[in-house]
Amino acid sequence: MTPAHAEAPAPPVLVLDHLTRRYGSLIAVDDVCLRLPAGARHAVIGPNGAGKTTLLNLIAGTDRPDRGTIALNGTDITRTATAKRSRLGIARSFQQPSVISELTVLDNVVLAGWPHHPKRRGAWRSPSRYRLHEESAARHLETVGLADLAHRPAATLSHGQRRMLDLAAALAGEPRLLLLDEPAAGLTDGDIGRLLTILGGLPDSVAVILVEHHVEVVAQLATSVTVLAAGRVLVTGPTGEALAHPEVRDAYHATGAASGGEPAVAGPSPTDTRG
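In this convention, every chain numbers its residues from 1, walking through the sequence in written order. With pLDDT at 70 or above as the cut-off, local features in this predicted model cover only qualifying residues; side-chain atom pairs require 80 or more to be listed or tallied, and sums for whole chains, interfaces and linings still use all residues. To obtain the side-chain values, all non-hydrogen atoms of the structure were included, while hydrogens and water were left out.

**A short note on the packing of helix H3 (residues 105-113) against helix H5 (residues 159-171)**
In a pair of packed helices, the angle between the axes and the distance between the axes together describe the arrangement. Under the convention used in this document: Whenever a helix is involved, its axis is fitted only over the stretch in contact; in every case the axis is a line through C-alpha atoms, and angles between N-to-C directions fall within 0 to 180 degrees. Helix and strand definitions here come from DSSP, where helices need a minimum of 4 consecutive H or I residues and strands a minimum of 2 consecutive E residues; each element is numbered from the N-terminal end. Throughout this description, any angle smaller than 35 degrees is read as roughly parallel, any larger than 145 degrees as roughly antiparallel, any in the 65 to 115 degree range as roughly perpendicular, and the remainder as oblique. Whether a crossing is left-handed or right-handed is set by the direction in which the near helix is turned from the far one by less than a right angle, anticlockwise for left-handed and clockwise for right-handed. For this analysis, residues touch if any pair of their heavy atoms sits within 4.5 Å. Three classes are used: nonpolar for Ala, Val, Leu, Ile, Met, Phe, Trp, Tyr, Cys and Pro, charged for Asp, Glu, Lys and Arg, and polar for all others, with Gly counted as polar.
Two elements in contact, H3 and H5, have axes separated by 8 Å at closest approach and are oriented at 30°. Taken together, the axes of H3 and H5 are roughly parallel relative to one another. Relative to H5, the crossing made by H3 is right-handed. For the pair formed by H3 and H5, the contact residues are Val105, Asn108, Val109 and Ala112 on the first element and Leu165, Ala168 and Ala169 on the second. Looking at the contact of H3 with H5 residue by residue, the classes come out as six nonpolar, one polar and no charged.

Written out as structure tokens, the structure is:
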């Protein structure tokens, strides 16, 4: 019997209930259900075309489901606009780093964090308030190892540096749920190590959903995994169990996405426009 003084468990940070998205005759996401606790480190994997990126689009609000619901911290956000979801604490990175090349590295992060900063009103006209935005952005650049490049144009960054800038911009929104779409794609081993250090250091107040083809990144970061195939959930469970599940291995072998019995490839994968 539960003691009378015991606190009620916190609601899951994210609940997907029978989420479905169609594009004509193609069912990209098919009846997906998922519950993520606060502080989750969850990976979504699957063959190309499995629906992974579409699932992130639905959670972020850039796409709308044909059926099903999405709840964030107990509030239904199924029809909530993307900008409001961002203000509620959902941040997103993309397969291709989303940076503004004409701005400096620092200004990219200032701009990304602007809608979330408590001192945003009138900051353009107030040097002291604007400095608060810059100081906050500088801290995020320090986190991702770009502090020394703060005043360089973003156009001069390498691919790996642009990925780190994209991550800093996502963190600038102080997210409660961070959606990462293949953050390790195209990175060197050193950059991947840095990425794992950054993500491993995120506070428990931030839940992470990671779409990734690098199985070693999934194995080191995620504590749980959902495996999609043709838009449907094959398996959801602890990382080791999910990666070793026979259906998962069969799905990858059927699409030529793995060899030697491994559930996912370790190297870069071709861009998957449907997820």
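On we go.
**Let's talk about unusual backbone geometry**
Where we set the bar: The cut-offs for exposure are 20% and 50% of the maximum accessible area for each residue type, with area from a 1.4 Å probe on protein chains only; residues under the lower value are buried, those over the upper are exposed, and the others partly exposed.
The phi dihedral of Glu174 falls on the positive side, at around 50°, and the residue is not glycine. Take Glu174: it is sitting in the loop between H5 and strand E7 (177-181). You can call Glu174 exposed: its relative accessible area is 53%. Positive phi outside glycine occurs at Glu182, with the angle close to 50°.

**Examining the side chain of Asp181**
Structurally, Asp181 is set in strand E7. Among the residues examined, Asp181 registers a relative accessible area of 1% and is labelled buried. In contact with Asp181, not counting residues within four places along its chain, are Thr53, Leu56, Arg92, Ser93, Phe94, Gln95, Arg163 and Val211.

**Examining the packing of aromatic side chains**
Quick reminder of the rule: When the centres of two rings from Phe, Tyr and Trp lie within 6.5 Å, Trp using its six-membered ring, the rings pair. Their planes under 30 degrees apart give stacked, over 60 give edge-to-face, and anything left gives tilted. When the NZ atom of lysine or the CZ atom of arginine is within 6 Å of a ring's centre and also within 35 degrees of its normal, the charge is said to sit over that ring.
Taken as a whole and judged by the stated rule, the model has zero aromatic pairs. Between the NZ or CZ atom of Arg21 and the centre of the ring of Tyr23, over which it lies, the distance is 4.5 Å.

**Some details on empty space enclosed by the protein**
Applied cut-off: A cavity here means a set of points on a 1 Å grid, drawn over the protein atoms and nothing else, where a 1.4 Å probe fits but cannot get out; a pocket is an open set with protein on both sides within 12 Å along at least five of seven lines, and a residue lines either one if it has an atom within 4 Å of a point. Grid points are joined across faces, edges and corners, and a volume is the space filled by probe spheres set on the points.
With the rule as written, the count across this model stands at one cavity of 30 Å³ or more. Estimates place the volume of the largest cavity at around 80 Å³. Taken together, Ser93, Phe94, Arg163, Met164, Asp166, Leu167, Leu180, Pro183, Leu187 and Leu195 form the lining of the largest cavity. Considering each element in turn, the lining of the largest cavity owes the most residues, four residues, to H5. Its residues placed into classes, the lining of the largest cavity shows seven nonpolar, one polar and two charged.

**Side note on the sheet that holds strand E2 (residues 26-36)**
Spelled out, the test is: Two strands pair under a simple rule: DSSP has to find at least two bridges between them.
One open sheet holds the four strands; their spatial order is E2-E1-E4-E5, and the pairing between them is antiparallel. Of all the strands in the sheet, the pair left with one neighbour each is E2 and strand E5 (75-76). For strand E1 (residues 14-23) and E2, the ladder comprises seven bridges, and the chain directions are antiparallel. Its bridge partner being in E2, Leu16 is matched across the sheet by Leu34.

**Overview of helix H6 (residues 189-200)**
For the record, the criterion: Under the convention used throughout, the expected extent of a helix is 1.5 Å for every residue step, that is, one less than its residue count. When we speak of the arc, we mean the arc of directions from the helix axis to the C-beta atoms.
Taking 1.5 Å of rise per residue, the twelve residues of H6 would be expected to cover 16 Å, and the 16 Å separating its terminal C-alpha atoms lies within 8% of that figure. If you check which residues of H6 are buried, you get Asp191, Ile192, Leu195, Leu196, Ile198 and Leu199. Buried residues of H6, seen end-on, are gathered within an arc of 165° and therefore sit on one face of the element. Seen from the open side of H6, the exposed residues pointing more than 90 degrees away from its buried face are Asp189, Thr197 and Gly200.

**Concerning the pattern of salt bridges**
To keep things clear, this is the line we draw: Salt bridges are counted wherever a side-chain nitrogen of Lys or Arg sits within 4 Å of a carboxyl oxygen of Asp or Glu.
Applying the stated criterion to the full structure yields six salt bridges. In this structure, Asp66 and Arg21 form a salt bridge, with 3.5 Å as the shortest nitrogen-oxygen distance. In this pair, Asp66 is assigned in the loop between helix H1 (52-60) and strand E4 (67-72) and Arg21 in strand E1, connecting sequence segments 45 residues apart. The exposure class of Asp66 is partly exposed, given its relative accessible area of 41%. With a relative accessible area of 17%, Arg21 lands in the buried category.

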